[in-house]
Amino acid sequence: MEVRAAVDDAISKVVELQSIFDEGAESLQSGVCVRFGKTQKGLYETLLNLKELVGQEAQEEPAEATSDNPLVQRFFRWELSWSGLAHLLRDEAEVDAALSPDTLALVLLAMVRLKWKASPQLAGLVARRSAEGASPTLSRMDPEELSQLAWSFARLRFQPGPDWQMAFEEHALRCAFRFNLLHISKTFFAFSRFRDPMAPDLWLALQRRARALAVRGSDLVASVFTNMVKTRLRADPVLVKELAGLLARDLEAVCRSRDTMAASNFLWALTQVPRGADLAAEQWAQIDGAFEGTGVLESMRDQELCISLWAFARLGQLPSPGLLRQFEACVLDRVGSLSATDLVTVVHAYATLEHAPSPELLEALERGVGRQTRKLSPRQVANVLWGWAKLGHQPRRQALESLSARALETLGKFSGQNLSNTLWAFASLERLPGEAFLEAFDAAAARELTRASPQAHANIMWSYARLGVRPSAELMDLSDEIMTVKIRAYSPLNIAHVVWAYAKLNHCPDIPLLEACEEAIGSKFRQFNARDFSNTLWGLRKMEYRLSFRLLQEIEGAFLDTLDRGGATDQDIALVMWAYARSDFSLAQASVDRLVAAATEKLAARFDLDFRLTSSSSRPSSGGPPNSRKGPKAEKGRRRRRRRGGGGGGAPPGPGRRRRPWAAARRGRADPGGFGFHPRAQEGRAQHTVVLSGRSRGREGDARALVSPGAPLSLTLRRSTTSHAPSQGARPRAVPARAAPGASSRAPLR
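> Help me out: how do you make sense of the overall build of the protein in this one?
Looking only at helices and strands, one finds 33 helices and 3 strands in the protein. Considering only residue pairs separated by 6 or more positions, the protein has 79% of its internal contacts joining residues 24 or more positions apart.

> Is there a simple way to think about the packing of aromatic side chains in this case?
Here a ring pair, both rings aromatic, is described through the centre-centre distance and the interplanar angle of the planes. Within the structure shown, the criterion is met by 18 aromatic pairs. Ring centres of Phe191 and Phe194 lie 5.3 Å apart, and the angle between their planes is 70 degrees; this geometry places the pair in the edge-to-face category. Judged on exposure class, the residue Phe191 and its partner Phe194 are both buried. Ring geometry for Phe528 against Phe533: centres 5.3 Å apart, planes inclined by 25 degrees, an arrangement best described as stacked. Comparing Phe528 with Phe533 shows no difference in burial state: the two are buried. The rings of Phe153, Phe158, Trp164, Phe168, Phe191 and Phe194 are connected pair by pair, giving a single aromatic cluster.

> Teacher, can you tell me more about the nonpolar core here?
For soluble globular proteins, nonpolar side chains are generally found buried alongside one another. Ranked by size, the top nonpolar core spans 187 residues in total, and within it Phe153, Phe225, Leu270, Ile287 and Phe291 carry the most contacts. A per-element tally of this core places helix H13 (residues 237–256) first, with 10 residues. Setting aside chain neighbours within four positions, we find Phe225 in contact with Val240, Leu243, Ala244, Leu247, Phe266, Ala269 and Leu270.

> Can you help me understand the pattern of salt bridges in this one?
Oppositely charged side chains are able to pair whenever their charged atoms sit close together. Enumeration according to the criterion identifies 24 salt bridges in this entry. The salt bridge partner of Arg451 is Glu448, with a shortest N-O separation of 2.7 Å. With a relative accessible area of 58%, Arg451 lands in the exposed category. Overall, the relative accessible area of 11% leaves Glu448 in the buried class. The closest approach of N and O atoms between Glu519 and Arg488, which form a salt bridge, is 4.0 Å. Of this pair, Glu519 sits in helix H27 (residues 511–524) while Arg488 is found in the loop between helix H25 (473–486) and helix H26 (492–504), placing the two residues 31 residues apart along the sequence. Like Arg488, Glu519 is exposed.

> What exactly am I supposed to notice about the packing of helix H22 (residues 416–429) against helix H24 (residues 454–467) here?
Running from amino to carboxyl end, H22 crosses H24 at an angle of 30 degrees, the nearest separation of the two axes being 8 Å. By the criterion of interaxial angle, the relationship of H22 to H24 is roughly parallel. In the packing of H22 onto H24, the handedness of the crossing is left-handed. Every residue of H24 that contacts H22 at Gly416, Gln417, Leu419, Ser420, Leu423, Trp424, Phe426, Ala427 and Ser428 is listed here: Gln455, Ala456, Asn459, Ile460, Trp462, Ser463, Tyr464, Arg466 and Leu467. In terms of residue class, the contact of H22 with H24 is made up of 10 nonpolar, 7 polar and 1 charged.

> I would appreciate a short explanation of the environment of Leu297 in the present structure.
With respect to the secondary-structure elements, Leu297 resides in the loop between helix H15 (281–294) and helix H16 (302–314). A sequence separation of 34 residues divides Leu297 from Val331, and the C-alpha atoms of the two residues are 9.7 Å apart. If we ignore the near neighbours within four places in the chain, the residues touching Leu297 are Phe291, Leu305, Leu323, Gln326, Phe327, Cys330 and Arg334.

> Which parts of the structure should I look at to understand helix H18 (residues 340–353)?
Count 3.6 residues to each turn of an α-helix, and residues three or four apart come out pointing the same way. Across its 14 residues, H18 extends 20 Å between first and last C-alpha, which sits within 8% of the 20 Å expected from 1.5 Å per residue. Within H18, 11 of the 14 residues are buried, which leaves the element mostly enclosed by the surrounding structure. In this structure, the buried side of H18 is in contact with H16, helix H17 (321–334), helix H19 (359–371) and helix H20 (378–391).

> Honestly, the confidence of the model for the protein in this entry has me stumped. Any pointers?
Low pLDDT means the predicted coordinates in that region are not meant to be read closely. Considering every residue of the protein, the mean pLDDT works out to 77; 66% of them sit at 70 or more. Element-level mean pLDDT values for the protein span from 38 in helix H33 (residues 661–666) up to 97 in H24. Taken as a whole, residues 611–630 scores under 50 in pLDDT and shows 37 contacts with residues more than four places along the chain or in a different chain. A low-confidence stretch, residues 646–750 stays under pLDDT 50, and its non-local contacts, those more than four residues away or across chains, total 220 contacts.

> How do you make sense of the side chain of Asn227 when you look at a structure like this?
Position of Asn227 among the secondary structure elements: in helix H12 (residues 219–230). With relative accessibility at 8%, the residue Asn227 sits in the buried group. Residues within four places of Asn227 in sequence aside, it is in contact with Ser185, Phe188 and Phe189.

> What's the story with the packing of helix H8 (residues 143–155) against helix H10 (residues 181–193) in this structure? I'm lost.
In helix packing, the relevant descriptors are the interaxial angle and the interaxial distance, both defined with respect to the helix axes. Running from amino to carboxyl end, H8 crosses H10 at an angle of 30 degrees, the nearest separation of the two axes being 8 Å. Read as a crossing pair, H8 and H10 show a hand that is left-handed. Judged by residue contacts, Pro143, Glu144, Ser147, Gln148, Ala150, Trp151, Ala154 and Arg155 of H8 engage His183, Lys186, Thr187, Phe189, Ala190 and Arg193 from H10. Of the residues contributing to the contact of H8 with H10, the split by class is 6 nonpolar, 4 polar and 4 charged.

> Is there a simple way to explain unusual backbone geometry in this structure?
Most of the time, phi is negative for any residue but glycine, and the peptide bond is trans. Even without being glycine, Ala277 reaches a positive phi, approximately 65 degrees. Within the chain, Glu544 stands out as a residue other than glycine whose phi angle is a positive 60 degrees. Looking at where Glu544 falls in the secondary structure, it is placed in the loop between helix H28 (530–542) and helix H29 (549–564). Accessibility expressed as a relative area gives 2% for Glu544, which makes it buried.

Reading the values: the criteria
- Counting restarts for each chain: residues are numbered from 1 in the order of the written sequence.
- For this predicted model, a pLDDT threshold of at least 70 governs which residues receive local features, and a threshold of 80 or more governs which side-chain atom pairs are given and counted, while totals over whole chains, interfaces and linings are taken from all residues.
- Water and hydrogen atoms play no part in the side-chain values, which are based on all heavy atoms of the structure.
- Only DSSP runs of H or I with at least four residues qualify as helices, and only runs of E with at least two residues qualify as strands; both kinds are numbered from the N terminus onward.
- Every residue pair with non-hydrogen atoms within 4.5 Å of one another is taken to be in contact.
- In this scheme Phe, Tyr and Trp rings, the latter by its six-membered ring, pair at centre separations within 6.5 Å, and the angle between planes marks the pair as stacked below 30 degrees, edge-to-face above 60, and tilted otherwise.
- Each residue is assigned to one of three classes by its accessible area relative to the maximum for its type, calculated with a 1.4 Å probe on protein chains only: buried under 20%, partly exposed between the two thresholds, exposed over 50%.
- In this description, a nonpolar core means a group of buried Ala, Val, Leu, Ile, Met, Phe, Trp, Tyr and Cys residues linked to one another through side-chain atoms lying within 4.5 Å.
- Salt bridges, as used here, are contacts in which a Lys or Arg side-chain nitrogen is within 4 Å of a carboxyl oxygen on Asp or Glu.
- As a rule, the C-alpha atoms of each element are fitted with a line to give its axis, helices using only the stretch in contact, and angles between N-to-C directions run from 0 to 180 degrees.
- For this classification, under 35 degrees means roughly parallel, over 145 means roughly antiparallel, 65 to 115 means roughly perpendicular, and everything else is oblique.
- Each helix crossing is assigned a hand: it is left-handed if the near helix lies turned anticlockwise from the far helix by less than a right angle, otherwise right-handed if that turn is clockwise.
- Put simply, Ala, Val, Leu, Ile, Met, Phe, Trp, Tyr, Cys and Pro go in the nonpolar bin, Asp, Glu, Lys and Arg in the charged bin, and everything else, Gly too, in the polar bin.
- A helix's residues, less one, multiplied by 1.5 Å, set its expected span.
- Every residue gets a pLDDT, meaning the predictor's confidence in that residue, from 0 to 100.

This is the structure:
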């Protein structure tokens, strides 16, 4: 009987709607549109009730609803929309004469509630009629009507214009003290979509009103906070912090109300305010506990779930293990229904958190991305590749080829950051893209490099060097010009990456760029970390460029400070000492001792050694040449050198005798480096020898033990220094000539 009554009620409402259509077809009278909206809303609720009573079958083909009336059939198929009422509003003059401004505003609100698409003519008519005259309709509206009208315009994506907006702000300011939180939220939302920002007086008045009304966290407070952040005006920092604190404290109540949008939007809003509203660790623990304890993630829509995970990542807040398990379970359960945007958001969020989910989820995300590769935008292609590389996930060959093909199709739309992220991902994954991709990428990079950020420029150069692929001569020339002009904007990490990449690519820029690098290093060396120092110094020396001795002295002290902070590795120490030795710069004995001791300790920890340190220093006697040797073997070596014309004893090698690093690289041999470089024979040179010996502490099966347990070990580290510094006027040696323009440069480095 209940089903029959529901069907009869629905049919009666349809008949009533038909009578409204018939009435409106003859002449449009005041109230017709409002009656139509209310009647259809009642019919909608009746059909929902009918659906619950008889199930999905009643919605699709209810037997009791059989009727010859096509309007009845359309309603039961859920097809009636705004087009059914469109003929009532085809004449703007007729509507203007028949309906009052108040009625027009209600019609607009009904259209929004019923999710109809309003015509721009009707929305423009409402805006004009409500703001015109000496006593406009806006002046007679209360806060609820004002906020609803502004909210309706915003939902319909309609710009009412500056005249209407000025009139609205004037009347809203007069009654701002009567606004409640819902009115404030709707007004903030409306102005977040309007072209012109809110007037400062009204903005300040509504913020003060919100601060007075918000006493506890709720879904309404979350709505006010989110919409306030969406506006383009700077909110009061005190109000932002207070609202965020209230929501963090009472977020559990918001989550239990099952208003999943409020919870998700609150996290999103925190990403849009400076420093996440400076929430304390205890407040973040409350937020984490509210999400985990209420299980609200299971009730969230797909987009809300992905945005929540992204917000945690963007704010640098790693969720608790329990909440991470809930996120992973929810994403894994829905991965088949996630859109391409949601999939990329999840991958990017996990990569930003530096938390790798289970291999099962990574493979599921990879399959999901593979199914929707054609829908990915250039930014999404770059982000998903960057995310996989950041997570250390090696995708299957088919998935990577599919993304490479999509990237190749859209490279013309890539920004500098997208290009940087894409090539960085290939380099980090150690997967060399095809020749066609590299050629297209080179052209795209040459187009975007001038607009790219210093970080993007540095990462592109680093990635080329890491892949062992030489960019075109045109791209390298452009890189030189950009860095020479913009080097003051480059961070120490950017400088280190570019210098290191140039050295690895055997590219030596012009002297002006090298001198600009030296100037930038001199102004920023206090900001360098140990890895920046080692890469920069190593790269400059590989390019045969010597820094000034005053700068080397300052860098010496700064690098020793990094040892105290524990940021230097044994490789960093070795590269820095090698660079200083090749610069003919004498480190202080105390500095040498500290560096050698630090390297010894790190090597011992790295190879798991029981060690003892023996250090000795020897200086050649003044009677003979430096580093002279005695005995038959030494005399035999001197005779051999004399026969070759190289002079006797410790005479310095002639021109061309000492192999330059560039020549060594071209011949495929590594340049002597580290502690074991070949010192030049020079008066006053001292030889420092460090012997690291002992027995391995490694156990059978220990992956860190490079030798069998208990085997004797011996490592000799030599460091040569000069007792005098060359003149301050020493300049770099001749720089190798550039490659000829147009020469092929994409062959892998050998």
